[in-house]
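Report on the structure
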Amino acid sequence: MAHDTPQAAGPSKLVIRNIGLLLSGAMERPILDADTIVAENGRITGIGRAGDLNTEGATTIVDANGTTVAPGLIDSHVHPVAGDWTPRQNQIGWIESYMNGGVTSMISAGEVHLPGRPKDIVGLKAMAIAAQRSFANFKPGGVKVSAGAPVLETGMTEFDFAELAQAGVILLGEVGLGSVNTGSEARQMVAWARKYGIRSTIHTGGPSTPGSSYIDKDVVLEADADVIGHINGGHTALPLDQIRCLCESCNRGIEIVHNGNELAGLTALRFAKELNQLERVILGTDSPAGSGVQPTGMLRLIALLSSVGGTPAELAFCFATGNTARLYALDCGLIAVGKSADFVLLDAAQHSSGKGLLDSVQKGDLPGIGMVIIDGIVRCGRSRNTPPPTHLPELL
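A brief report on the enclosed structure follows. All residue numbers here refer to positions counted from 1 along the written sequence of the relevant chain. In view of the model being predicted, local features appear only for residues whose pLDDT reaches at least 70, and side-chain atom pairs are presented and counted only at 80 or more, with totals across whole chains, interfaces and linings using the full set of residues. Excluding hydrogens and water, the side-chain figures rest on all heavy atoms present in the structure.

Observations regarding the overall build of the protein
In this description a helix means any DSSP run of H or I spanning at least four residues, a strand means any run of E spanning at least two, and both kinds are numbered starting from the N terminus. Counting its regular elements, the protein contains eleven helices and 20 strands. Here the radius of gyration uses the C-alpha set of atoms, whereas the globule reference equals 2.2 Å times the residue count to the power 0.38. The C-alpha radius of gyration computed for the protein amounts to 20 Å, which stays within 12% of the reference 21 Å derived for 396 residues, consistent with globular compactness. Each of the three principal axes of the protein carries a C-alpha extent, and together these read 60 × 45 × 35 Å. Within the protein, contacts between residues separated by at least 24 positions form 75% of all contacts whose residues are at least 6 apart in sequence. A total of about 14600 Å² of accessible surface is found on the protein, and carbon and sulfur atoms cover 51% of it. For the protein, the centre of its 30 positive side-chain charges and the centre of its 39 negative side-chain charges are spaced 1 Å apart. Here, two residues are considered to be in contact whenever any of their heavy atoms come within 4.5 Å of each other. Shrake-Rupley sampling with a 1.4 Å probe provides the accessible areas, and residues are treated as covered by the protein chains on show and by no other component. When charges are tallied, Lys and Arg are placed among the positive residues and Asp and Glu among the negative ones, while His and the ends of the chain are skipped. Charge coordinates come from a single atom per side chain, which is NZ of Lys, CZ of Arg, CG of Asp or CD of Glu.

Okay, structure coming up:
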């Protein structure tokens with residue numbers, strides 16, 4: 001396992017030019033009229049036409065060669081453990097492999113797969129703080145992992161949440177993975193977490209790991225967590241009428257995951273459309289899991305929701321970028337001045353029947369990734385995990 005991630009040495013200036021299509025990640029304006037991006041010291045400083053921007057003094061120049069530039073994908077639901085290793089599949093390098101699938105940021109839904117995971121309150125707090133510190137210092141393949149998401153256990157008090165927040169913990173693990181599995185108990189702890197700036201998600205559907213619980217719509221609504229975690233099940237989904245009720249009865253995030261029930265996911269998307277609330281939809285893989293790891297899981301989910309779900313591809317990309325960034329208050333996920341310089345350069349795969357990237361995704365094809373950039377640093381060229389793109393960007 002690699003222990004060091006390349007970092008920019010001194011001031012840096014990135015210029016991406018000759019962009020064919022620029023996806024913003026923002027639902028209100030998903031496509032930008034621009035062909036050039038400038039980023040300095042890992043932050044976007046200019047977006048527009050090449051002749052209107054200051055591109056002098058670049059330390060890195062990327063010729064997009066007419067390909068699409070999108071914000072780096074944010075996987076809203078992962079279960080990391082220790083560095084780039086997962087005991088669930090005994091696999092090393094899974095996070096770096098996801099980077100080759102366009103993922104530049106991840107959000108932990110709980111480090112539940114640690115062998116011998118402590119369930120006492122002192123131990124679970126210590127584990128959460130250690131995970132938060134570890135992933136703040138270690139970014140496999142450059143991927144930024146928001147980790148340290150404690151699994152709630154009965155007996156926790158407001159003091160515990162205040163202490164976690166003071167230590168830098170900003171997430172809760174899925175409510176329902178531990179002994180807290182009733183709506184009333186969960187609601188109190190979610191409220192304490194919210195008071196101290198900690199965002200929460202709740203498990204939905206059937207049990208996924210030993211010790212987890214079946215969580216139905218009544219528990220979800222009473223708990224009032226910030227995100228309805230894997231609304232399409234992890235892996236077993238709630239009945240569709242309960243999914244409709246969840247979409248209609250609250251305004252919390254609607255998370256659709258790769259490792260869930262596809263019919264339920266497509267149905268949740270349809271309900272969000274009917275409510276005119278697509279800004280609530282976010283995407284994750286819910287991995288590593290018993291079904292494995294999915295380096296291209298986010299791209300496959302985007303293609304599914306666009307093709308079978310009838311959603312314009314440029315909006316489906318927003319589900320995996322800007323929507324998640326807004327819900328979790330991240331400084332990435334959008335191509336806008338001041339945001340992190342996290343980009344994926346991609347194109348229709350060779351021999352796709354689609355005419356260009358968006359059409360190919362709407363036809364259900366996986367796009368080809370030509371380059372991934374995180375914090376203004378090129379992390380990979382042509383992806384080893386996607387089909388070859390029709391055109392390739394070039395690092396000059």
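Let's talk about the layout of surface pockets
Lining residues are those with an atom within 4 Å of a point, where the points come from a 1 Å grid over the protein atoms alone and group into cavities, where a 1.4 Å probe fits but cannot get out, or pockets, open sets with protein on both sides within 12 Å along at least five of seven lines. Grid points are joined across faces, edges and corners, and a volume is the space filled by probe spheres set on the points. The space that makes up the largest pocket amounts to roughly 260 Å³. Lining the largest pocket are 15 residues, and of these Lys144, Val145, Ser146, Ile170 and Leu330 lie nearest its centre. Those elements that provide at least two residues to the lining of the largest pocket are helix 2 (121–137) and strand 12 (144–146). Its residues assigned to classes, the lining of the largest pocket comprises eight nonpolar, four polar and three charged. Estimates place the volume of the second largest pocket at around 200 Å³. Forming the walls of the second largest pocket are 17 residues, and the residues nearest its centre are His258, Glu262, Arg300, Leu301 and Leu304. Note on residue categories: nonpolar means Ala, Val, Leu, Ile, Met, Phe, Trp, Tyr, Cys or Pro, charged means Asp, Glu, Lys or Arg, and polar means any other residue, Gly included.

Focus: the side chain of Thr201
Here Thr201 lies in strand 13 (residues 201–202). Think of a polar contact as two N or O atoms within 3.5 Å of one another; within protein, one of them needs to be a possible hydrogen donor and the other a possible acceptor, and neighboring residues in sequence only count if both atoms come from side chains. Of the polar contacts made by the side chain of Thr201, one reaches the backbone oxygen of Val227; its length is 3.4 Å. Excluding its chain neighbours within four sequence positions, the residues that come into contact with Thr201 are Leu172, Gly173, Glu174, Val175, Ala225, Val227, Gly229 and Tyr328.

Here's the deal with the packing of aromatic side chains
Centres within 6.5 Å are what make two rings of Phe, Tyr or Trp a pair, Trp counting through its six-membered ring; a difference in plane orientation under 30 degrees is then read as stacked, over 60 as edge-to-face, and the rest as tilted. Evaluation of the coordinates by the stated rule reveals two aromatic pairs. Taking 5.3 Å as the distance between ring centres and 85° as the angle between the ring planes, the aromatic pair formed by Trp94 and Tyr98 counts as edge-to-face. With Trp94 and Tyr98 both in helix 1 (residues 94–99) and four residues apart, this pair spans about one turn of that helix. Exposure class is identical for Trp94 and Tyr98. Each is buried. Summarising the aromatic geometry, the rings of Phe161 and Trp192 are spaced 6.0 Å apart at their centres and angled 45° between planes, so their arrangement reads as tilted. One end of the pair, Phe161, is in helix 3 (residues 158–166); the other, Trp192, is in helix 4 (residues 183–195), with 31 residues separating them in the sequence. Exposure remark for Phe161: the relative accessible area of 0% places this residue in the buried category. Classification of residues uses two cut-offs on accessible area relative to the type maximum, computed with a 1.4 Å probe and protein chains only: under 20% is buried, over 50% is exposed, and between them is partly exposed.

Topic: unusual backbone geometry
The phi angle of most residues is negative, glycine excepted, and most peptide bonds adopt the trans form. For the bond running from Ser287 to Pro288, omega is -10°, close enough to zero to count as cis. Within the secondary structure layout, Pro288 lies in the loop between strand 16 (281–284) and helix 8 (297–307). Here the phi dihedral of Asn90 falls at roughly 50°; this positive angle occurs in a residue that is not glycine. Its place among the elements puts Asn90 in the loop between strand 9 (85–86) and strand 10 (91–92). The class for Asn90 is exposed, based on a relative accessible area of 62%. A positive phi angle, near 70°, is found at His351, a position not held by glycine.

Some words on the pattern of salt bridges
Between Lys or Arg on one side and Asp or Glu on the other, a salt bridge is scored when a side-chain nitrogen of the former is within 4 Å of a carboxyl oxygen of the latter. All told, the structure shown has 19 salt bridges when counted by the stated rule. Put simply, Lys125 and Asp160 hold a salt bridge, and the shortest N to O gap is 2.7 Å. Here Lys125 is found in helix 2, whereas its partner Asp160 is found in helix 3, with 35 residues between them in sequence. Taking relative accessible area as the criterion, Lys125 reaches 10% and is therefore assigned buried. Judged by relative accessible area, which is 6%, Asp160 ranks as buried. Lys217 is the partner of Asp218 in a salt bridge, and the nearest nitrogen-oxygen pair spans 2.8 Å. On the basis of relative accessible area, Asp218 is assigned to the partly exposed category, the value being 46%. Connected through salt bridges with shared partners, the residues Arg194, Asp224, Asp226 and Arg252 form a single ionic network.

Description of the environment of Val78
Mapped onto the fold, Val78 is located in strand 8 (residues 73–78). Judged by its relative accessible area of 0%, Val78 is buried. In this structure the C-alpha to C-alpha distance between Val78 and Ala186, which are 108 residues apart in sequence, comes to 21 Å.

Let's talk about the nonpolar core
Here, the term nonpolar core denotes a set of buried Ala, Val, Leu, Ile, Met, Phe, Trp, Tyr and Cys residues that are joined through side-chain atoms within 4.5 Å. Formed by 81 residues in total, the largest nonpolar core has its most connected members in Met106, Ile231, Ile256, Leu283 and Phe319. In this structure, Leu32, Ala34, Ile37 and Phe343 belong to the second largest nonpolar core, which totals 18 residues.

Here we look at the sheet that holds strand 16
Pairing within the open sheet is parallel, and its four strands lie in the order 13-14-15-16. Both outer strands of the open sheet, strand 13 and strand 16, are each paired with one neighbouring strand and no more. Two strands pair when backbone bridges link them, and strand 15 (residues 253–257) and strand 16 are joined in this way by four bridges, in the parallel orientation. Bridge pairing in strand 16 places Ile256 opposite Leu283. Sitting on the sheet, helix 8 is in contact with strand 15 and strand 16, with an inclination near 140° to strand 16. Pairing between two strands requires that DSSP report at least two bridges joining them. Lines fitted to C-alpha atoms define the axes here, with helix axes fitted over just the stretch in contact, and angles between the N-to-C directions of these axes take values from 0 to 180 degrees.

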